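A closer look at the structure
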Amino acid sequence: MDQALWQIGPVLPWLDLFGVAVFAATGALAATQRGQTLVTLAFFALITGVGGGTVRDLLIGAPVFWVEDRLYALVCLGVALTIWVTPQRWWNGAALVWLDAVGLGAYAVFGAAKALSFGVPPLPAAVMGVFTACVGGIIRDTLAGEPSILMRPELYVTAAALAATLYVGLRLLGLPSFEVAIIAAAAGFGLRGAAIYWKLALPAYRGLPNDP
Amino acid sequence: MDQALWQIGPVLPWLDLFGVAVFAATGALAATQRGQTLVTLAFFALITGVGGGTVRDLLIGAPVFWVEDRLYALVCLGVALTIWVTPQRWWNGAALVWLDAVGLGAYAVFGAAKALSFGVPPLPAAVMGVFTACVGGIIRDTLAGEPSILMRPELYVTAAALAATLYVGLRLLGLPSFEVAIIAAAAGFGLRGAAIYWKLALPAYRGLPNDP
Amino acid sequence: MDQALWQIGPVLPWLDLFGVAVFAATGALAATQRGQTLVTLAFFALITGVGGGTVRDLLIGAPVFWVEDRLYALVCLGVALTIWVTPQRWWNGAALVWLDAVGLGAYAVFGAAKALSFGVPPLPAAVMGVFTACVGGIIRDTLAGEPSILMRPELYVTAAALAATLYVGLRLLGLPSFEVAIIAAAAGFGLRGAAIYWKLALPAYRGLPNDP
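Residues numbered from 1 in each chain as written. Chains lettered and ligands numbered in written order. Predicted model: local features only at pLDDT ≥ 70, side-chain atom pairs only at ≥ 80, totals over all residues. Heavy atoms only, no water.

For chain A, an unreviewed UniProt entry supplies the name Putative membrane protein YeiH and the organism Hephaestia caeni. UniProt lists a comment for chain A under the heading Sequence similarities (unreviewed entry), and it reads "Belongs to the UPF0126 family." Taken directly from UniProt, the Subcellular location (unreviewed entry) text for chain A runs: "Cell membrane". (UniProt positions renumbered as here; feature names shortened; annotations may be inferred.)

Counted by the stated rule, this structure contains nine salt bridges over all chains. Taking the shortest distance from any N to any O, the salt bridge between lysine 114 of chain B and aspartate 57 of chain B comes out at 3.1 Å. Of this pair, lysine 114 of chain B sits in helix H6 (residues 95-117) while aspartate 57 of chain B sits in helix H3 (residues 38-60), and the two are 57 residues apart along the sequence. With a relative accessible area of 2%, lysine 114 of chain B lands in the buried category. Aspartate 57 of chain B gets classed as buried once you look at its relative accessible area, which sits at 0%. Connected through shared salt-bridge partners, Arg56, Asp57 and Lys114 of chain A make up one network. (Salt bridge = Lys/Arg side-chain N within 4 Å of Asp/Glu carboxyl O. Helix = DSSP H or I, 4+ residues; strand = E, 2+ residues; numbered from the N terminus. Buried < 20%, exposed > 50% of the residue type's maximum accessible area, 1.4 Å probe, protein only.)

Glancing now at the packing of H3 of chain B against helix H7 (residues 122-143) of chain B. The description of two helices packed together rests on the angle between their axes and the distance between the axes. All names here are of chain B. It is at 8 Å that the axes of H3 and H7 come closest, and there the two elements cross at 140°. With respect to H7, the axis of H3 lies oblique. The two elements H3 and H7 cross, and the hand of that crossing is right-handed. Where H3 abuts H7, its residues Phe44, Ile47, Thr48, Gly51, Gly52, Gly53, Val55, Arg56, Leu59 and Ile60 lie against Met128, Phe131, Thr132, Val135, Gly136, Gly137, Ile139, Arg140 and Leu143. Of the residues assigned to the contact of H3 with H7, the class counts are ten nonpolar, seven polar and two charged. (Axes fitted to C-alpha atoms, helices over the stretch in contact; angles between N-to-C directions. Parallel < 35°, antiparallel > 145°, perpendicular 65-115°, else oblique. Left-handed = near helix turned anticlockwise from the far one by under 90°. Contact = heavy atoms within 4.5 Å. Nonpolar A, V, L, I, M, F, W, Y, C, P; charged D, E, K, R; others polar.)

Here you go:
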C-alpha cells in the first residue's frame, strides 16, 4: 500500500479493506435481489466496493488504488462468490446495514485523510471523504435503476459529511491524526447508527407543491 | 488559477466561476423540486457545477480545477445555501434559464480554450468544450432520474457545439484568442437564446416507427 | 498511436479502431431508435465508441487515447453521419449484432493487453479488458434510460471476461502475445456468438422471491 496512507496510522488501511468488502457486499446483494448472474454479482461488487475510492484517486491525481494492488479486486470477487454460494438467509438481517454504517464512517475519514496527504486543501479534502464513502453506492443504485441514496431523506450522505468534516477540522487544529481519525469515524458511525435506529431524517426543502 | 488559463485573456476565468455558479444553481434547484435536504442540495450543486470541467480536466490530463482551488467548492456550497434560505419565488422565473444560456456559451469556449492550451488537437479540443458545458447537466439529470438534456430535441448540446467549434476554428485561422472567445461565446448564447425564445429544435431522425 | 500497443502485434491497433467504430454504431443506433437529432447521434456514437477505453486509460494512468489522436473522434462522427444519411433498412439486420460480438472479443483482449503493457498486475489487467469492452455500452444504456447490458442474463460481460482472462492467463504462461491475442479474442467472440445463436444465458441467482 501507499506510503502516504501510513501517515494516518496503522489501523486505517485495514478499515479501508474492510470498507471495500462491506460496500462490495451491498453491491453483490443489490444484484442478487434482481436475480442476476454470478458475473453481474462480481461486477456490481467490484464497482460498488472500489467506486468511491476510484473517483477520489482520479480527482486527487493519485494512482488508482485497486489497479496497483490486486488485493482489493480479489476481495471484491471473493465477496461476490461467497454471497453466491452461501444460503440467502445469512444476508437478510440487519447486520449488513450496521456494517455499512461502520464502513461509511471509516471510509469518509480515510478518503479525507488520503486527500490531505496528497496536498489537497481542507474543503475539497472533506468533499473527497464524502465521495469516497458515497459514490460507490450512487453508482450501484444508478446502474441498478433504483433511486439513489442521494435522493432518500434519511441521514446517509450527512453522516459521511460529518465524519469527513470533523476529521479535517480537528486536523486543522493540530490534533494528532490517529486519535482524530477514531473520533471522526465514530461520530459518523454514531450519526448513521442513530439514523438507522430512530429513523432520523433531515428536513426536506419547504417548497413542495402542497406547501404554502 | 492555472497559468494556461490566462493565455485566453483576463475575462474568461471570471466567466468560468460564473458558469460554475449558474450550473450549481440549476443542480440545487433540481434537488429542491424533489423536496430534498440541504445536504443533497449541496451535493447536486457541486456535481452539476463542477462536473463538466472535472471530466474535461481528467480527459486532458490537467489537475482537477476545483480540487486545487477551494474557491469553486465554496461557491457551489454558497449557492446551495442561498437557494435553501431564500424565498422560493426568487427562483421560479425565466432568469435562470437565460443565465444558463450565458453559462453554456462561456463554458463551451472556456473548455475548448483550456484543452487547446494543454496541447489537445483541434477536434478533441472542441469536444472538450461541449463536454465542459453539458456533462454537469447530464450527470444532474441522470442522478435525478430525469430524461437528460441529451434526449430533448431542443437546441442545447448544439449551441455548445457551435460555440466550441467556432472558437477552435477561428483560432486555427490565427485570430487572437480574446476576441475569438467573445465572438464564439456570443454565438453559442445567441443560438441557445433563439432556441429558448422561438422554441427551435433540430430535426429528429426520420426513422420513427410510424414513418415510411 | 501508443508505442506500447505495438508490443501486442501489428493487428490489434486496427482491431481497436474497428471496435471503436462498431461500438459507435450501436450508440448512434440507440439514439435513432429514440428519434433523436444528429447532434445527439454524434454524442452517443462518441461516448459509446470511446467510453470503455477512456475509463481504462484513466484507471491505468495512460493518456486518454482519443484525446491524443483525433482519428478516433473523426471515426465516431463519421459513423454517426453515415447512419444519419443512409437508409434505415441497412441497419436493421443481424449484421451489427455479429460485428458487435467481434468488437467485444477484440476490445477485451486489447484492453487487457494495454493494461499489462502499462505494468498493471494480472487480475486488475483482466478487469481492464472487461471494462474496455463493456463500459461504453453501459454508459449508452444508462444515458438512454434503458436496462443496461449488465442486467440482462444473456452472456455478454461473461464473453468479455473469458477473452480478457484467457489473454492474461496465457501471457502469464509465457506464450507469445500475438498468438494469444488471436486465440483469446476468438474464444470471446465464440462464446458471445454461441450466446446469440443459441440464446445461451447464465443461471440467475437462486434466491428469487418465489424460490424456497
